[in-house]
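# Structural features, examined
Residues per chain, in single letters:
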Number of protein chains: 2
Amino acid sequence: MTKKPRTRCPIAYSLDLFGDRWSLVIVRDMLMGKKRFGEFLDSSERITTNVLTDRLSQLEADGLIKKTSYQTNPVRFEYGLTDNGRSLLPVLQALCRWAGRHFPSVGRAPTKFMKLGLD
Amino acid sequence: MTKKPRTRCPIAYSLDLFGDRWSLVIVRDMLMGKKRFGEFLDSSERITTNVLTDRLSQLEADGLIKKTSYQTNPVRFEYGLTDNGRSLLPVLQALCRWAGRHFPSVGRAPTKFMKLGLD
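Residues numbered from 1 in each chain as written. Chains lettered and ligands numbered in written order. Predicted model: local features only at pLDDT ≥ 70, side-chain atom pairs only at ≥ 80, totals over all residues.

## A short note on the environment of Leu95(A)
- Among the structural elements, Leu95(A) can be located in helix α6 (residues 89-102).
- For Leu95(A), a count of 26 C-beta atoms within 10 Å puts it in the buried group.
- Residues Leu95(A) and Ala109(A), spaced 14 residues apart in sequence, show a C-alpha to C-alpha distance of 9.9 Å.
- Discounting residues that sit within four places of it in the chain, Leu95(A) has contacts with Pro10(B), Ile11(B), Ser14(B) and Val91(B). (Helix = DSSP H or I, 4+ residues; strand = E, 2+ residues; numbered from the N terminus. Buried ≥ 20, exposed ≤ 12 C-beta atoms within 10 Å, placed from the backbone. Contact = placed C-beta atoms within 7 Å.)

## Remarks on the domain arrangement of chain A
All names here are of chain A.
- Here chain A is described as being made up of domain 1 (1-82) and domain 2 (88-119).
- Here the C-alpha centre of domain 2 lies 20 Å away from the C-alpha centre of domain 1.
- Counting from both sides, the interface comprises five residues of domain 1 and, opposite them, five residues of domain 2.
- Class assignment of the residues belonging to the side of domain 1 that touches domain 2 gives a composition of four nonpolar, no polar and one charged. (Domains from an automatic or database assignment. Nonpolar A, V, L, I, M, F, W, Y, C, P; charged D, E, K, R; others polar.)

## Focus: the interface of chain B and chain A
- Across the boundary between the two partners, chain B contributes 36 residues, which contact 36 residues of chain A.
- Elements represented by at least two residues in the side of chain B that touches chain A include exactly α1 (10-18), α2 (23-31) and α6 (89-102) of chain B.
- Here the side of chain B that touches chain A takes 10 residues from α6(B), the largest share from any one element.
- Residues of the side of chain B that touches chain A, tallied by class, amount to 20 nonpolar, nine polar and seven charged.

## Things to note about the packing of helix α1 (residues 10-18) of chain A against α6(B)
- It is the contact of α1(A) with α6(B), at a shortest axis distance of 8 Å, that shows an interaxial angle of 80 degrees. In terms of their interaxial angle, α1(A) and α6(B) are classed as roughly perpendicular. Contact residues: Pro10(A), Ile11(A), Tyr13(A) and Ser14(A) in α1(A); Leu92(B), Leu95(B), Cys96(B), Trp98(B), Ala99(B) and Gly100(B) in α6(B).
- Here the residues of the contact of α1(A) with α6(B) are counted per class, giving eight nonpolar, two polar and no charged. (Axes fitted to C-alpha atoms, helices over the stretch in contact; angles between N-to-C directions. Parallel < 35°, antiparallel > 145°, perpendicular 65-115°, else oblique.)

## Section: the relation of the copies chain B and chain A
- For the match of chain B to chain A, the screw axis carries a shift of 0.0 Å, the RMSD comes to 0.0 Å, and the turn is 180 degrees. Read as a symmetry element, the transformation amounts to a two-fold axis. No C-alpha of chain B lies nearer the rotation axis than that of Asp20(B), which sits 2.2 Å from it.
- Mapped onto chain A, 100% of the interface residues of chain B are again interface residues, and the two copies thus contact each other with one and the same surface. (Least-squares fit on C-alpha atoms with pLDDT ≥ 70 in both.)

Written out as structure tokens, the structure reads:
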């Protein structure tokens, strides 16, 4: 982690890592198979280039994602979850269950997403 | 919800409600029995008065907490979780399990917290 944690509380610590409106949206996209900068930009939340660049860099610094080059000349990068990042899946699934139960106007998470980790 | 949701995605929707560094810390405190403004200020993360006021107001507007007066002359308020807010418990417990597994330097969540909802 690149910042000094506020306390030893695991909840506050987690929020120091991704307590914002965008980081977990990017993690969601990666869990669903997206890898490239343009793919994240294409998601329906319409993240801006600046915010996406900032969050990718922070998530990488915190060890939740990794960046690898998939092409040289020109070099191009793609992004994937580390084991730490991938294991946020149960947190995101719990969020989906919560929102789905209390806010009927919200869409259901894709079945594919809710079944990730079961195979 | 007081803001227009970004999309129908339940994850993005949830982050519209509490995607910040503080809201879930306040929910945690309420799950552990804290009710009063001064009690939230006393938590070890040292939330500021302004941020606390703002988050309590937003969480109330979004239906996650309720504010009731416990004294008149002068009037004093306390805060509690609504059913919607209380049912965030599994999300917070999943966060605690995640952080506890991947960041050994982070403290364990209190057993009392992890056992909430089991009785």
